[in-house]
Amino acid sequence: MATTGVGRQSALGAGRASVALGWWRAITLFARRQPLATFGALVLLFGLVIAVIGPSITPKDPYDTDVLNGLRSPGEGYLLGTDNLGRDILSRVLVATRFSLLLGLAAVAFGLLIAVLVGVISGYAGGIADMVLQRIVDAAIGIPFILFLLLIVTMAGASFLSIALIIGLYQGVTSSRIVRGAVMSVREEVYVEAATTIGATPVRVMARHVLPNVIAPVIIIASLNLGSAILAESVLSFLGYGVQPPDPTWGQMMGVEARPYVTRAPWMAFFPGVALAVTVFAINVLGDGLRDTLDPRLRGSVA
């Protein structure tokens, strides 16, 4: 019995090592074939680390005002300069990374939930359910994204949670059509028909056979929607409808805070703008690489 137990543990350890080796090979192969996407993944990973530890490594208190040092240009003591209230730009950019990235991730997570729910039900059930859901999707696609955000935020109020939910809702509804197409393709497979024939319920078929086989487009949707969510939040904050001060976001730093001083202190808008541009570029190239790797058939079909 003891020998059998040791043998099982050895087999389990070997299996885990094999899985780890398989993942490592997949990552190295992806890095060789998609160097730009790999760069994007590293930048995103760096941004996530900053989002987690950023507030603890800020050189100065990002909320502390010092009007005597207001509008100081980048240099000694203030690496990226200060804003009109004397707050350290570097510290605020680091803290803004947390708000901007985490809001984007929260929006994408909620959006994926909506996209999968609507897409799977619509694609598998068909009939009246599909028709009703797709008319809702058509209506959502017909509404300009920013106009929709401004309208709902004005009515619901601007907070971290409300903005994340609003962006996620719109992205989820509009992205559900991609999930629906993948589900309709999987629905025609032999194993789905076999499961239905032996009496599997629709819920079981969707959970056990359909959903696991549409993971690739879901991952692609998540990677491409993340950049759009961060940009959407930045636009809202730039216009003054996003996360409210004193909590900083990149869009807020470029818009409400920097706009009156853009000629006197261009660094107030430049550095958060660089952080936003580099992050969104990295996310977009990562999304393109994942799309080309996981499902080349989706090339050009994901907005």
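Above this text sits the structure in question.
Just so it is clear, the structure is predicted and the values come from calculations on it, not from any experiment.

A.B. asks: Would you mind showing me how to read unusual backbone geometry here?
C.D. replies: It is generally the case that most residues other than glycine have a negative phi and that most peptide bonds are trans. In this structure, Leu71 takes a positive phi of about 60° despite not being glycine. Relative to the helices and strands, Leu71 is located in the loop between α2 (35-57) and α3 (89-125).

A.B. asks: Honestly, helix α4 (residues 127-141) in this entry has me stumped. Any pointers?
C.D. replies: For an α-helix, 3.6 residues make a turn, and residues three or four places apart therefore share a direction. With 15 residues, α4 should cover 21 Å at 1.5 Å per step; its first-to-last C-alpha distance of 21 Å lies within 8% of that length. When we look at burial in α4, the residues that qualify are Asp130, Gln134, Val137 and Ala140. Along the long axis of α4, the arc covered by the buried residues comes to 110°, so they all point the same way. The elements touched by buried residues of α4 are α3 and α6 (160-187).

A.B. asks: Where do I start with the nonpolar core in this structure?
C.D. replies: If you look at soluble globular proteins, the nonpolar side chains tend to sit buried side by side. Formed by 62 residues in total, the largest nonpolar core has its most connected members in Ile167 and Ile230. Here the element with the most residues in this core is α3; it accounts for 14 residues. Residue contacts for Ile167: discarding those within four places in its chain leaves Leu103, Ala107, Phe145, Leu149, Ala229, Ala232 and Glu233. Judged by nonpolar contacts, the second largest core, of five residues, contains Ile114, Val137, Ala140 and Val173.

A.B. asks: Sorry if this is basic, but what is going on with the packing of aromatic side chains here?
C.D. replies: For any two aromatic rings, the description comes down to two numbers: the centre-to-centre distance and the angle of the planes. Per the counting criterion, the structure on display carries three aromatic pairs. Centroid distance Phe148 to Tyr170: 5.2 Å. Interplanar angle 40°. Geometry classified as tilted. On the criterion of sequence distance, the pair formed by Phe148 in helix α5 (residues 145-156) and Tyr170 in helix α6 is long-range, its members being 22 residues apart. Classification of Phe148 by relative accessible area gives buried; the value is 16%. Exposure remark for Tyr170: the relative accessible area of 11% places this residue in the buried category. Both rings, one in Phe270 and one in Phe271, keep their centres 5.2 Å apart while their planes meet at 75°; by these two values the pair is edge-to-face. A relative accessible area of 23% means that Phe271 is categorised as partly exposed. Members of the aromatic cluster, joined through ring pairs, are Phe145, Phe148 and Tyr170. The ring of Tyr78 is capped by Lys60, whose NZ or CZ atom sits 4.9 Å from the centre of that ring. One Lys or Arg, Arg259, reaches over the ring of Phe238 and ends 5.2 Å from the middle of that ring.

A.B. asks: I keep staring at the pattern of salt bridges and nothing clicks. Help me out?
C.D. replies: Charged atoms that come close allow side chains of opposite charge to pair. Enumeration according to the criterion identifies eight salt bridges in this entry. The closest approach of N and O atoms between Arg291 and Asp292, which form a salt bridge, is 3.3 Å. Given a relative accessible area of 11%, Arg291 falls into the buried group. One continuous salt-bridge network, built from bridges that share partners, spans Asp83, Arg87, Arg92 and Glu257.

A.B. asks: What am I meant to see in the packing of helix α9 (residues 215-239) against helix α11 (residues 267-294) here?
C.D. replies: In a pair of packed helices, the angle between the axes and the distance between the axes together describe the arrangement. Viewed as axis vectors pointing N to C, α9 and α11 meet at an angle of 165°, and their least axial separation amounts to 9 Å. Considering their axes alone, α9 and α11 lie roughly antiparallel with respect to each other. Regarding α9 and α11, the two cross each other, and that crossing is left-handed. Taken together, the residues of α11 that come into contact with α9 (itself represented by Ala216, Ile219, Ile220, Ser223, Leu224, Leu226, Gly227, Ile230, Leu231 and Ser234) are Leu276, Thr279, Val280, Ile283, Asn284, Gly287, Asp288, Leu290, Arg291 and Leu294. When the residues that make up the contact of α9 with α11 are grouped by side-chain class, the tally is 12 nonpolar, six polar and two charged.

Quick notes on the rules
- Residues numbered from 1 in each chain as written.
- Predicted model: local features only at pLDDT ≥ 70, side-chain atom pairs only at ≥ 80, totals over all residues.
- Heavy atoms only, no water.
- Helix = DSSP H or I, 4+ residues; strand = E, 2+ residues; numbered from the N terminus.
- Expected span 1.5 Å × (residues − 1).
- Buried < 20%, exposed > 50% of the residue type's maximum accessible area, 1.4 Å probe, protein only.
- Arc of directions from axis to C-beta.
- Contact = heavy atoms within 4.5 Å.
- Core = buried A, V, L, I, M, F, W, Y, C linked by side-chain atoms within 4.5 Å.
- Phe/Tyr/Trp six-rings, centres within 6.5 Å; stacked < 30°, edge-to-face > 60°.
- Lys NZ or Arg CZ within 6 Å of the ring centre and 35° of its normal.
- Salt bridge = Lys/Arg side-chain N within 4 Å of Asp/Glu carboxyl O.
- Axes fitted to C-alpha atoms, helices over the stretch in contact; angles between N-to-C directions.
- Parallel < 35°, antiparallel > 145°, perpendicular 65-115°, else oblique.
- Left-handed = near helix turned anticlockwise from the far one by under 90°.
- Nonpolar A, V, L, I, M, F, W, Y, C, P; charged D, E, K, R; others polar.

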